[in-house]
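Fold and geometry: a report
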Amino acid sequence: IRRLPGERERVRFLDVDERPALVEACRCRENRRGARYPRLYALVLTAICTGARRGELMGLKWGDVDLEAGIARLGRTKNGDRRTLVLLPQVVEVLRPFVSKDAGRYVFGSPSSRYQRPASLDTAWRKAIARAQIEDFRFHDLRHCTASYLVQAGVDLAVVADVLGHRKLDMTKRYAHLKIETKARAMREALGGIGVS
């Protein structure tokens, strides 16, 4: 589907209240209907902290992960490029209990297949979103969280593009308005009282 000129791309990210609510909902291993995925919290934290796509994370095998070095190598990405994810200490910590010596097992595999195939987590994800009482939020929006938090922290757009695996900076420019909002907020806080009597 071709986007119309001037049509804005979706940039939905978790606000300061939604983020802890989702994290807590993902820690809950079981919901009312019994749909569960014991690695949902680890998956969501990894998604937020790496900016990786759902398919990239679901295809990740233990042979691609080096927890000691704090990296995960993606062989196939959406644009066909290889990419290395940086695994922050909190991600390494939540992944460590699941480590498998079998390099062919999926990091986020299905428990019913002994992690030999990727998990199906749609139901567990929907239930976590419902428990967290978050509206209009998809798994892909976790990528927007990564980018939005980085931009709001003052990280250069070229670095954000590299983290997300964007070949062209144009894809990342959709987050530029957040940099301006962050700058304006900082200026109001620091300089807002000047000249006011």
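This structure is a prediction, so every number in the text was calculated from the model and none was measured.

**Focus: the environment of valine 11**
Relative to the helices and strands, valine 11 resides in the segment before helix H1 (18-27). We classify valine 11 as partly exposed; its relative accessible area is 21%. Once the C-alpha coordinates of valine 11 and alanine 147 are considered, the two residues, 136 residues apart in sequence, prove to be 9.4 Å apart. Non-local contacts of valine 11, meaning those with residues more than four positions away in its chain, are made with His144, Ser148, Arg174 and Tyr175.

**Structural notes on unusual backbone geometry**
Across residues other than glycine, the phi torsion is negative in most instances, and most of the peptide bonds are trans. Phi at arginine 114 is positive, roughly 60°, even though this residue is not glycine. For arginine 114, the location among the structural elements is in the loop between helix H4 (89-95) and helix H5 (122-132). Even without being a glycine, glutamine 133 presents a positive backbone phi close to 55°. Following the sequence through the fold, glutamine 133 ends up in the loop between H5 and helix H6 (141-152). The exposure class assigned to glutamine 133 is exposed, which follows from its relative accessible area of 69%.

**Quick notes on H1**
Of the residues making up H1, those classed as buried are Glu18, Leu22, Ala25 and Cys26. What you see down the axis of H1 is that its buried residues fit within an arc of 95°, all on one side. Where H1 is buried, its residues meet helix H2 (40-50), H5 and H6.

**Points about the pairing of strand E2 (residues 71-74)**
Side chains on a regular strand alternate between the two faces of the sheet. Inspection of the sheet shows strand E1 (residues 65-66) paired to E2 by two bridges, in the antiparallel sense. Bridge assignment links valine 65 to a residue of E2, and that residue is alanine 72. Linking E1 to E2, which pair antiparallel, is a turn of four residues; within it glycine 70 sits at a positive phi near 70°. In the sheet, E2 pairs with strand E3 (residues 83-86) via four bridges, with the strands oriented antiparallel. By the bridge assignment for E3, alanine 72 is matched with leucine 85.

About the thresholds
For every chain, the first residue of the written sequence is number 1, and numbering continues from 1 onward in sequence order. pLDDT decides what is reported in this predicted model: residues at 70 or higher carry local features, side-chain atom pairs at 80 or more are listed and counted, and totals for whole chains, interfaces and linings draw on all residues regardless. Excluded from the side-chain calculation are hydrogens and water; included are all heavy atoms of the structure. The secondary structure listing takes helices from DSSP runs of H or I that are at least 4 residues long and strands from runs of E that are at least 2 residues long, numbered from the N terminus. Buried means the residue's accessible area, taken with a 1.4 Å probe over protein chains only, is under 20% of the maximum for its type, while exposed means over 50%, and partly exposed covers the values in between. Contacts are assigned to residue pairs with any non-hydrogen atoms lying within 4.5 Å of each other. Here the arc refers to the directions that run from the helix axis out to each C-beta atom. For two strands to be treated as a pair, DSSP must find at least two bridges joining them.

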